[in-house]
Amino acid sequence: MGSSTLTEMRRICLALPESTETTTWGQPHFRVRGKIFAGCGDHGGTLTLGFKLEREHADAAIRDPRFARAPYVGQHGWISMDAKGVRDWGEVRALVLESYRLIAPKTLWAAVQGGKAAAKKKFPARRSAPSRTRKRSGATRR
């Protein structure tokens, strides 16, 4: 596996909150809270990078010959990119971020965006204690 390719993927993926690297199916994958969001693999002698994208984005991406639907999970938006086709690591970073956004819990994605949602934790509205005194109307209960 291209060490510089894996080094760049590590740099991008492991900079994200709570991301880890695991070896899955004999290949390096990147996870957030146990769920895969990106990976590197050797498929038939071709080094590929894998990401999950919005389905519409995945459909558009595979029109580019550098991309293909990932085996087994392509119908769920996963694509593979031929690592030789990397023109700009900024493009790869954007794909990794989209994948992370789709897989990571919302609070972690908010941390990537600067903590906007993390700072806006929703707490239930404070309610006053119910009154123990009942107002009785002139009507009697049956």
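All figures in this text were calculated on a predicted structure; none of them were measured in a lab.

Asks: Pulling in residues and values, what's your account of the nonpolar core?
Replies: Core analysis: the biggest nonpolar cluster contains 33 residues, and Met-9, Phe-37, Leu-49, Phe-51, Val-92 and Val-96 have the highest contact counts within it. Counting only elements with at least two residues in this core, the list comes to helix H1 (3-13), strand S2 (27-32), strand S3 (35-43), strand S4 (46-52), helix H2 (55-61), strand S6 (78-82), helix H3 (89-103) and helix H4 (106-112). For this core, the element with the most residues is H3, which contributes six residues. Excluding residues within four positions of it along the chain, Val-96 makes contact with Met-9, Ile-12, Cys-13, Leu-16, Phe-37 and Phe-51.

Asks: Please set out the pairing of S6 residue by residue, giving values where relevant.
Replies: Working note: regular strand, side chains alternate between the two faces of the sheet. By the criterion of burial, S6 is predominantly enclosed, with four of the five residues buried. In this structure, S4 lies alongside S6, joined through five bridges in antiparallel fashion. Along S6, the bridge assignment pairs Leu-49 with Met-81. Alignment of strand S5 (residues 67-69) against S6, held across three bridges, turns out to be antiparallel. The residue of S6 that forms the bridge with Phe-67 is Met-81.

Asks: Go over the sheet that holds S5 with me, naming the residues and quoting the values.
Replies: With antiparallel pairing, six strands are arranged side by side in an open sheet as S1-S2-S3-S4-S6-S5. Only two strands of the sheet have a single partner each, and these edge strands are strand S1 (19-24) and S5. Direction aside, neighbouring strands of the sheet carry axes that sit 25° apart on average. Taken strand by strand, H3 contacts S2, S3, S4, S5 and S6, and its axis lies near 45° from that of S4.

Asks: Would you mind going over unusual backbone geometry in detail, with residue names and values included?
Replies: The backbone phi angle of Glu-18 is positive, close to 60°, even though this residue is not glycine. Considering the arrangement of structural elements, one finds Glu-18 in the loop between H1 and S1. For Glu-18, a relative accessible area of 42% puts it in the partly exposed group. Positive phi, close to 55°, is recorded for Trp-25, a residue that is not glycine.

Asks: Explain the pattern of salt bridges to me, using residue names and the numbers behind them.
Replies: Per the stated rule, a full pass over the model turns up seven salt bridges. Across the salt bridge formed by Glu-21 and Arg-10, the nearest N and O atoms sit 2.7 Å from each other. Separated by 11 residues along the polypeptide, Glu-21 in strand S1 and Arg-10 in helix H1 bring together distant segments of the chain. Judged by relative accessible area, Glu-21 falls into the partly exposed class, the value being 29%. The exposure class assigned to Arg-10 is partly exposed, which follows from its relative accessible area of 33%. Note that Arg-101 and Glu-54 form a salt bridge whose closest N and O atoms lie 3.2 Å from each other. Residue Arg-101 is found in helix H3, and its partner Glu-54 is found in the loop between S4 and H2; the two are separated by 47 residues along the sequence. The class for Glu-54 is partly exposed, based on a relative accessible area of 31%. Three or more residues joined by partner-sharing salt bridges are found here, namely Asp-64, Arg-66 and Glu-91.

Thresholds, definitions, all that
- Residues numbered from 1 in each chain as written.
- Predicted model: local features only at pLDDT ≥ 70, side-chain atom pairs only at ≥ 80, totals over all residues.
- Heavy atoms only, no water.
- Core = buried A, V, L, I, M, F, W, Y, C linked by side-chain atoms within 4.5 Å.
- Buried < 20%, exposed > 50% of the residue type's maximum accessible area, 1.4 Å probe, protein only.
- Helix = DSSP H or I, 4+ residues; strand = E, 2+ residues; numbered from the N terminus.
- Contact = heavy atoms within 4.5 Å.
- Pairing = 2+ DSSP bridges.
- Axes fitted to C-alpha atoms, helices over the stretch in contact; angles between N-to-C directions.
- Salt bridge = Lys/Arg side-chain N within 4 Å of Asp/Glu carboxyl O.

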